[in-house]
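Here is what each chain is made of, one letter per residue.
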Amino acid sequence: EHAYITECIGSNSGGLFVLKKNTRGQNRNIIVERYSSDMRTVITKVFAGHKNEFFLNVILDSTGLRMFYSEQDKTKKLVNVKLRSINFSLNVAGNDTTLFTIPGVTPDQALISVNKIKQNPDVFITYTTDLSEYPAAYSYLLLDGDYAKINSGTFNFDPKNHNSIEQVSFTRDIACLLVREDVNTKITKQGYRFSMYQLHLGEGTLGKTDLFNDTYVATEGLLKTDFKNNDIAFAGLYATIDSSYVKGYCVWKDNLSTNAVTFDNIPFPTDIIAEMEGRKTRVQGIFNLRSGDLNFREDGGIILTNEEYQETHENISEINAYGVAQPNVRNYYYYENLLILSISPTNTLDWHTVIRK
């Protein structure tokens, strides 16, 4: 649990850029590293090191890195959301730009999310000034590739639900939000369920599709925009509401040309369960399966990569340097078989393969 959360920012002729965040404080003292083509470390620098700076996101464009961060002004009781330009040598270039200001909140209360997707130069930002435990009122801001405002507005969830925004994908006209609702475990064994919201930018109206019913619930998945086929799609896994065994895959699509929305639950064929769980198993599902990646096929289909994953914990006693027994927790992480699904444009299964590790 002391390891860094490591993400690839991107690569270009200047090298490969990597972001590292501390698991115990992901918005402070983040590390950016640049690697050469032969994977040697060229430069390492720390950003968001001041106590009133809170890291939000960093993206790579043709001229350098752009770091979004928030800065708390305790005197005026407001939060400034700022943009910092960083060149390929990881030096700050020019003065920071204040994009907008949020009054009366702290950075954590504002739940600021900066979203950037591949093949789209735009940036979509959400935040809130609703100080309730589960905010219902949000604001959004859409920026173009030069970080100038294109659109802005507000939207609202049902205040009776315990909602939080998990993933976002968007175009210049619409943003799709994967929203998690925390519920009692008597409703679903997982303790949560997902809905997909369509936000029409400039209008503030929300369309909604529940990714659950009285029998099934989507357990997880990924949301992306397919610019070639003009779709926004979510693909993931589902289980019955009273079980943690994955029963199949699910696909939600919004066709941006026709505005048609579809959602399908497709059960796994018995041969997939037999390959993953063993041919003599009586369990009609797969245990500890999670989605890892989603890629679009040329024809509008989807490649969904899934992995068996679990972690366990062991309480142990270790002798420290002074000869005194000290209680500790040892964590074990298991990364097991991969299940690759190739899903057709009509959401049927074309083929699958299991990669054993």
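This paragraph deals with the side chain of Thr 128. Relative to the helices and strands, Thr 128 is located in the loop between strand S10 (123-127) and strand S11 (137-143). A distance of 2.5 Å separates the side chain of Thr 128 from the backbone oxygen of Ala 137, its partner in a polar contact. Setting aside residues no more than four positions away along its own chain, Thr 128 makes contact with Ile 102, Val 105, Gln 109, Ala 110, Leu 111, Pro 135, Ala 137 and Tyr 138.

To continue, consider the environment of Thr 98. Among the structural elements, Thr 98 can be located in strand S8 (residues 97-103). With relative accessibility at 42%, the residue Thr 98 sits in the partly exposed group. Between the C-alpha atom of Thr 98 and that of Lys 82, which follows or precedes it by 16 residues, the distance is 4.3 Å. Not counting residues up to four positions away in its chain, the partners in contact with Thr 98 are Asn 80, Val 81 and Lys 82.

Overall, antiparallel pairing links the 4 strands, which are arranged S21-S22-S23-S24 in an open sheet. Every other strand in the sheet has two partners, leaving strand S21 (289-296) and strand S24 (349-355) as the edge strands with one partner each. Here the average twist between neighbouring strands, direction ignored, is 30°. Along the sheet face, helix H2 (residues 270-277) touches S21, strand S22 (302-319), strand S23 (325-343) and S24 and points at about 5° away from the line of S24.

A word on the packing of aromatic side chains. Two measures describe an aromatic ring pair: the distance that separates the ring centres and the angle between the ring planes. Applying the stated criterion to the full structure yields 14 aromatic pairs. Positioned above the aromatic ring of Tyr 309 is the side chain of Arg 290, whose terminal nitrogen or guanidinium carbon lies 3.7 Å from the ring centre.

Summed over the entire model, instances satisfying the criterion amount to 1 cavity of 30 Å³ or more. In terms of lining residues, the largest cavity is bounded by Asn 163, Val 179, Arg 180, Glu 181, Arg 193, Phe 194, Ser 195, Tyr 197 and Lys 208. Elements supplying a minimum of two residues to the lining of the largest cavity: strand S14 (174-182) and strand S15 (192-200). Residue contributions to the lining of the largest cavity peak at 4 residues, all from S15. Taken together, the residues of the lining of the largest cavity sort by class into 3 nonpolar, 2 polar and 4 charged.

Of note, Gln 119 is a non-glycine position whose phi angle comes to about 65°, a positive value. With respect to the helices and strands, the residue Gln 119 is situated in the loop between strand S9 (113-116) and S10. Despite not being glycine, Asn 288 shows a phi value in the positive range, around 55°. Relative to the elements of secondary structure, Asn 288 occurs in the loop between H2 and S21.

How each quantity is defined
- Residues numbered from 1 in each chain as written.
- Predicted model: local features only at pLDDT ≥ 70, side-chain atom pairs only at ≥ 80, totals over all residues.
- Heavy atoms only, no water.
- Helix = DSSP H or I, 4+ residues; strand = E, 2+ residues; numbered from the N terminus.
- Polar contact = N/O pair within 3.5 Å; in protein donor to acceptor, adjacent residues only side chain to side chain.
- Contact = heavy atoms within 4.5 Å.
- Buried < 20%, exposed > 50% of the residue type's maximum accessible area, 1.4 Å probe, protein only.
- Pairing = 2+ DSSP bridges.
- Axes fitted to C-alpha atoms, helices over the stretch in contact; angles between N-to-C directions.
- Phe/Tyr/Trp six-rings, centres within 6.5 Å; stacked < 30°, edge-to-face > 60°.
- Lys NZ or Arg CZ within 6 Å of the ring centre and 35° of its normal.
- 1 Å grid on protein atoms, 1.4 Å probe; cavity = no way out; pocket = protein on both sides within 12 Å on 5 of 7 lines; lining within 4 Å.
- Points joined across faces, edges and corners; volume = space filled by probe spheres on them.
- Nonpolar A, V, L, I, M, F, W, Y, C, P; charged D, E, K, R; others polar.

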